[in-house]
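# Analysis of the macromolecular model
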Amino acid sequence: MFPGSSIPSALLTLVGIPLLIGSALPGPGRNLGTRWWFGTIIAGLTVIVGHAAGAPRAMTLAAVIAVAAVGIVRGRRWVAPSRDWTAAVTVLLLLAPALAQCLSTLIQPVAGYDGIVIWYSKTKALFAWQPMAALPFARYPNMGPAQWFLNLAWAGEGQEHVGRLVFVLASLAWIWALRELWPAPMPWSSVVVVPIVGLVFMDVDPEHTSGYQDAFLMATAAMACTLITKVLTRDSGAGGASTSGSPRQDITLAALFAGSLGLIKQEGLFLGLILVSVGALSLLGGADRDRRRALTGFLWPALALYAALALLWPLLVSLHGMNPLNIQHGDTFTVGSVLQAFGQFWRWPLIAPYFAAYVRDIGPALTAAGILSLAGAWLAPHLRRGVQFLWGVLVVHLAFVFLVFLSTRADLGWHLESAFARLAGQNRFVLAVLLSLTAVSLIELALARTRRLGATARRRAVAREGAYDPEPASEVPPRA
Amino acid sequence: MCTDVLRRLAAVGAVAVAAACLGPLAWERGQRAVAILPGAVRALATTTPEERRLASYGDRDRLGYGYISRMMTGFPDPEAAPVVRIPEDDPRPMALLAGIRSRHEDRVLIAIGVSDADIRERVIARADRRADGTWAFRTVTDFETLTAFRFSIASTSPARMPVVLRHSPQHPRHTIGEWEVPVPVHRDDVVEFRLANPVRRFSLGRGATPFLLEISGIDRGQTSAAPVSAIDVLGVKIDMSPYEVVNREPNCLTAIRRDFLSEIRGRPGHPWARYVESISNVPRE
């Protein structure tokens, strides 16, 4: 659309359009990462539906701009968030890895077999606005290529490297959205924890942004996971609705992100289902009858939104004359092959070494998350449901990975070698959320106790010396 | 007070262990990020996207991006993609070029990194006998044509062996070919059976999925007295026989199918004739 656009102008549209759409979200304190993600998913949905419905390309792009305009109009109602020094410091600490990831994406062309043959080819075909059934690997979902295409539309066809910056921003926005986990004012320890988690999970390796969709899928799942965890931990007493959004809004957004997973990759449909089902069980599980009634009031609409989005891609696929039950290209996975999986447990010895390699790979993060979860569940009861939810998602997703390799009709050795690490790695966001949530809570807890112990000692000293303590700790009874 | 201290110690201890686990990793990744920056800025400032693509995908090696780009300059059909072998069947180079080429043009072949062994017939796999008496073999890499089977026959073999090649153990109903293999009366240990109609596009893009071979009526259920003791599968990786090479550069070649080339040469001034003339650097056969 704007041939010859420079990288800065492409970046402006890459950041600007999603943020403009995202500004429609109510709540002045709503996290910018969440706003960006909301805008990105809405823009992608507009392209997917417009393309599948046969709308002209120009009209679909105009619709994206119109949605952004709606965001501007709605966003004007909200007051800008107050300055937050923790945000500035976090940005500063994340600057180097963010810049490194942007630059390595720009200097590294699209790579890998699937990255080129599936995802870049689909993007180019979307750019040419080929009919849906004529797209390469037509049954594979279009959300990632739609994002890539949108950026090519602004930056020019030859600028595929600029288009892939959307995947860098997806990682950054997700890491930023981890700050959703804590109520304002942001705990200072988040300034240390979020950048460390960012460094560990937002890898600067170019394969994360080479064109493969796994990191994009993981980041979208992370958004859903973060918001569900936020509701679970706030609901348990660590803080209520705030300027950063109500539980109803958080759950609705989580449903939007979880539902969108099936629009990114086929296996995303299952990851979304895992997040939503474990999340719903966790939300309803520990609640009393009144609370449960209140929760179901907004859970049902959210579940309906999730189901509508999850079913959108299979519906579009079948409307364009393809079989939605044929899960992957060829007949690697069909409903029939999945049903046969339970008779194929003899494959376990072949699959087990890949699980072992995966556990070794995430070993440090897994160990840290395990220890922090145990300590967090013991010392901070409000974290328990969140921690249970997160471990539940991890365990069920690993069981799903096992099922995939039990049921594949492709050559097992080749399939394990080419897909296991990427598929299992899609759940790494769980560890990131776990680490952030528990580490910050435990640091704050330790500091609060230090402050309290200090206050008690000070009070004793004051009592001895007859001085006045101007800021008594909240749990120390006031002097008569 | 005592419990408070204990709880505080537990919190601090858990965070310390987590920091010990993740700190070195975060530090290493941070260092790597910082180390990437100067080189990346330099590369961005001093090279064009096209130069970076050439560096990543290779000129006459790897994906042969440079050579294929040159050969595709002036290609008469903007929607057609020639057959590209590097030496595997690989759609990546065509996907990387500008535009979309969705039509398969098998009258033109571009090959990168092809050796003499790749264009000659050779043993491409040795079949393994399965527990149910059938045979399985994998080609692992792409082979264009299946040309023959070589059976090691035991003396108990009948005069004719019905042989069926099936897609895979997962798809045993999908038959690729059926043959009656004549076994000479004065039979040798090894019988080579050449296919009258070689199987084209034999194992392209197949990976390690095994083929299934049945010697029906003989092998099934008679594993103890097998009349066939070994099977070699013969084929050609890149079947150059229908093609004539028109352009050759170190490690690369472009070839046109002979019948099409005759047609082109009979129509001077035609876009295809102009294209072939522009790329030709090999004396005519």
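The structure under discussion appears in the preceding block.
Residues numbered from 1 in each chain as written. Chains lettered and ligands numbered in written order. Predicted model: local features only at pLDDT ≥ 70, side-chain atom pairs only at ≥ 80, totals over all residues.

Turning next to the overall build of chain B. Scanning chain B from terminus to terminus reveals seven helices and 13 strands. Computed over its C-alpha atoms, the radius of gyration of chain B comes to 29 Å, more than 25% above the 19 Å expected for a compact globule of 285 residues. Burial status across chain B gives 32% buried among its 285 residues. Here the contacts in chain B between residues at least 6 apart in sequence split such that 69% fall between residues at least 24 apart. (Helix = DSSP H or I, 4+ residues; strand = E, 2+ residues; numbered from the N terminus. Rg over C-alpha atoms; globule rule 2.2 N^0.38 Å. Buried ≥ 20, exposed ≤ 12 C-beta atoms within 10 Å, placed from the backbone. Contact = placed C-beta atoms within 7 Å.)

With that out of the way, let us pick up the sheet that holds strand β7 (residues 160-168) of chain B. All names here are of chain B. The antiparallel open sheet is built from five strands, whose spatial order is β4-β5-β10-β7-β8. Both edges of this open sheet fall to β4 (128-129) and β8 (171-182), since each of them pairs with a single strand only. The sheet contact formed by strand β5 (residues 135-137) and strand β10 (residues 211-215) spans three bridges and is antiparallel. Paired with W135 across the strands is L213, a residue of β10. (Pairing = 2+ DSSP bridges.)

In this structure, strand β1 (residues 80-85) of chain B lies alongside strand β2 (residues 103-112) of chain B, joined through six bridges in parallel fashion. Looking at the pairing, V83 of chain B lines up with L109 of chain B of β2 of chain B.

At the junction of the two partners, chain B supplies 39 residues and chain A supplies 47 residues. Of all the secondary structure elements, the ones that give two or more residues to the side of chain B that touches chain A are α1 (2-46), α2 (49-57) and α4 (92-96) of chain B. The dominant element in the side of chain B that touches chain A, judged by the number of residues it contributes, is α1 of chain B, at 25 residues. Looking at the side of chain B that touches chain A residue by residue, the class counts come to 26 nonpolar, five polar and eight charged. (Nonpolar A, V, L, I, M, F, W, Y, C, P; charged D, E, K, R; others polar.)

Turning next to the sheet that holds β1 of chain B. All names here are of chain B. Read from one edge to the other, the open sheet built from four strands follows the order β1-β2-β13-β12, with strand pairing classed as mixed. Only two strands of the sheet have a single partner each, and these edge strands are β1 and β12 (243-249). Between one strand axis and the next, the sheet turns through 30° on average, direction left out of account. Pairing of β12 with strand β13 (residues 252-257), which is carried by six bridges, proceeds in the antiparallel orientation. Counted as the bridge partner of E249 is C252 from β13. Helix-sheet contacts for helix α6 (residues 258-265) involve β2, β12 and β13, and the interaxial angle to β13 is about 75°. (Axes fitted to C-alpha atoms, helices over the stretch in contact; angles between N-to-C directions.)

Turning next to the environment of A432 of chain A. All names here are of chain A. Relative to the helices and strands, A432 is located in helix α19 (residues 428-465). The class of A432 is buried, set by 25 C-beta atoms lying within 10 Å. For A432 and A173, which are 259 residues apart along the polypeptide, the C-alpha to C-alpha distance reads 14 Å. In this view, A432 contacts V197, F201 and A222; residues no more than four positions away in its chain are not counted.

A few words on helix α3 (residues 65-72) of chain B. All names here are of chain B. The element α3 is extensively covered by neighbouring structure, given that six of its eight residues are classed as buried. Taken together, the buried positions of α3 are Y65, G66, Y67, I68, M71 and M72. Downstream of α3 by one or two residues, G74 has phi in the positive range, about 85°.

This brings us to the packing of helix α4 (residues 85-107) of chain A against α1 of chain B. Taken N-terminus to C-terminus, the directions of α4 of chain A and α1 of chain B make an angle of 40°; their axes are 8 Å apart at the nearest point. As judged from the angle between their axes, α4 of chain A and α1 of chain B are oblique. Every pair of crossing elements has a handedness; the one defined by α4 of chain A and α1 of chain B is left-handed. Residues A96, P97, L99, A100, L103, S104, L106 and I107 of chain A of α4 of chain A form the contact with α1 of chain B, whose participating residues are G30, A33, V34, I36, L37, A40, V41, A43 and L44 of chain B. Its residues assigned to classes, the contact of α4 of chain A with α1 of chain B comprises 15 nonpolar, two polar and no charged. (Parallel < 35°, antiparallel > 145°, perpendicular 65-115°, else oblique. Left-handed = near helix turned anticlockwise from the far one by under 90°.)

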